Amino acid sequence: MNYEELLESRNGAAMGKESMPFGQFYKKMVNGKYENVVDLRNDLKDSLLFCDAITADSEHSKKFNHKHQLPFTLTTDSAGIYGVSVGPGSYRTFERLLEDNPAVVAGKGFIRTTIDDLLDITSKLHEQGIFQVCYAPSNMLARKGDNAVMLVFHGSEYKAIKNQEQLYGDCISFIAPEVLEEGVVDARSDIYSIGKFLEYLYQQSEIPLELKGIIKKATAEDPDKRYQTPEEMKKAIGDRQNARRSIISLVAALLITACAVGLYFTLIPEREDIEYVKPAPKTDMEDEFEDDGYYPELDSSATPDSTVGKVDEQQMKVYQAKAEQIFRKQFTRKANEIMSDIYNNEHMNSTEKNFRAGSQSTLEELVKSQVELGQQAGLSESRSQLIAGEIIDQISAKLKKQMSDKEKEKEKE
């Protein structure tokens, strides 16, 4: 670097200039107010071919109405075009955003929103026969505040310039091979560049498994092996991520069910085996006189085929069925309330420690309810445990189906 270049670099840093492929982007005081401007590179200002291309690009940018497109106007003097004035607002290059705040990439929804926005505007550009060509971080702007991605220049307007490597400089790694070698520009060349940009976003972290295949296909050397349209790539990303969420939901639901059943039977009291003791044989006196003063010899209605015992047994079955019916109703309502607390996205997406703690608490409450309601209904512990187990299985199946239906509705949306 010579002395003049060093001075220019220092002055640029002092003015907050940022490098873009075609020049330096910064804010400049114009007529008493600051404007976003790009000072074009000297070699480009002297190129008639480039000046004609950027003039056509400027006209198209003014007519193309999209929330992620910044229109620009040319600034000229007696010598010709020397720069452009970009639309109002506060912006920085995407490269500067990632340098100043690399953690922004890990923000919730940042990457998906950015790629979706790029694919949406790219699709609209393609409808008008315009292609971006280069999605390098230094060739796109990010709006300060919400970090929304904004496009300025469109590479297909400059395809007449044979030396694309000289035009884009250090950004050529984001440009499809066929553009550099043959000058062929189409939808697939944009897909390649977007894939390279997506790969760049994960330069400081591991690429998620569901996106590795997306990037590999988007950046294939052979254009025919890439996604053919932005819509196809966007759908592939959505399908991969929805499949991942579905797998996680299924695994989490199975874990919850296994933990629910396992912990339930772990926490319930152990059944104690009671040894049956035969009653002592009655004495002659006890045979002759009953404890309640009843003398069968004096009761003429008492006959050997009396149905009194049968009636009592049938009545007890009726009472038992009624008690079980009451227990089923009360425990179903209580278990449904308790298990709904662990069958939800918030509980499933929590950490393993919080998941176990929450599940343990709700299952202890489940066991406590089973014991209390079983005693109130007059059921034995073994019977109430058996019925409770059936109810838990039924509620688990119902709640899992509800979660699955919600996931399918989200995928349709």
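Cut-off values and rules
- Residues numbered from 1 in each chain as written.
- Predicted model: local features only at pLDDT ≥ 70, side-chain atom pairs only at ≥ 80, totals over all residues.
- Heavy atoms only, no water.
- Helix = DSSP H or I, 4+ residues; strand = E, 2+ residues; numbered from the N terminus.
- Expected span 1.5 Å × (residues − 1).
- Buried < 20%, exposed > 50% of the residue type's maximum accessible area, 1.4 Å probe, protein only.
- Disulfide = S-S within 2.5 Å.
- Pairing = 2+ DSSP bridges.
- Patch = residues over 30% accessible without salt bridge, like charges linked within 9 Å, V, L, I, M, F, W, Y side chains within 5 Å.
- Areas by Shrake-Rupley, 256 points an atom, 1.4 Å probe, with all protein chains shown as cover.
- Salt bridge = Lys/Arg side-chain N within 4 Å of Asp/Glu carboxyl O.
- Phe/Tyr/Trp six-rings, centres within 6.5 Å; stacked < 30°, edge-to-face > 60°.
- Lys NZ or Arg CZ within 6 Å of the ring centre and 35° of its normal.
- Contact = heavy atoms within 4.5 Å.

1. With respect to helix H8 (residues 187–201)
Here H8 spans 21 Å end to end across 15 residues, near enough to the 21 Å set by a 1.5 Å rise per residue. Of all 15 residues that make up H8, 13 are buried, and the element is covered over most of its length.

2. So, the state of the cysteines
Within this structure, the stated rule accounts for zero disulfides. With no disulfide of its own, Cys-134 has Cys-171 as its nearest cysteine by sulfur position, at a separation of 4.8 Å. Assessed through its relative accessible area of 0%, Cys-134 is described here as buried.

3. With respect to the sheet that holds strand E6 (residues 91–93)
Read from one edge of the open sheet, three strands run E6-E7-E8, paired in antiparallel fashion. Each having just a single partner strand, E6 and strand E8 (149–150) make up the two edges of the open sheet. Of the strand pairs in this sheet, E6 and strand E7 (residues 141–143) are connected by three bridges, and their pairing is antiparallel. Opposite Arg-92, over in E7, you have Ala-142 as the bridge partner.

4. Observations concerning a nonpolar patch on the surface
Taken together, the side chains of Met-316, Val-318 and Tyr-319 present a nonpolar region at the surface, about 340 Å² in accessible area. Tracing the sequence through the fold places Met-316 in helix H12 (residues 308–340). Relative accessible area serves as the criterion here: at 53%, Met-316 is assigned to the exposed category.

5. Some details on the packing of aromatic side chains
Scanning the model with the defined rule gives ten aromatic pairs in all. Ring plane angle 85° and centroid distance 5.3 Å describe the contact between Phe-22 and Phe-50, whose orientation is recorded as edge-to-face. Of this pair, Phe-22 sits in the loop between strand E1 (18–20) and strand E2 (23–30) while Phe-50 sits in helix H3 (residues 48–63), and the two are 28 residues apart along the sequence. Look at Phe-22 and you get buried, because its relative accessible area is 2%. Here the aromatic cluster, defined as three or more aromatic residues joined through ring pairs, consists of Phe-22, Phe-50, Phe-72, Phe-153, Tyr-158 and Tyr-168. Between the NZ or CZ atom of Lys-17 and the centre of the ring of Tyr-26, over which it lies, the distance is 4.7 Å.

6. Thoughts on the environment of Phe-72
Assignment of secondary structure puts Phe-72 in strand E4 (residues 72–77). Phe-72 gets classed as buried once you look at its relative accessible area, which sits at 1%. Residues Phe-72 and Gly-87, 15 residues apart in the sequence, show an inter-C-alpha distance of 6.0 Å. With near-sequence residues (within four places) excluded, Phe-72 lies in contact with Ile-54, Asp-57, Ser-58, Ser-61, Lys-62, Val-84, Ser-85, Val-86, Val-152 and Phe-153.

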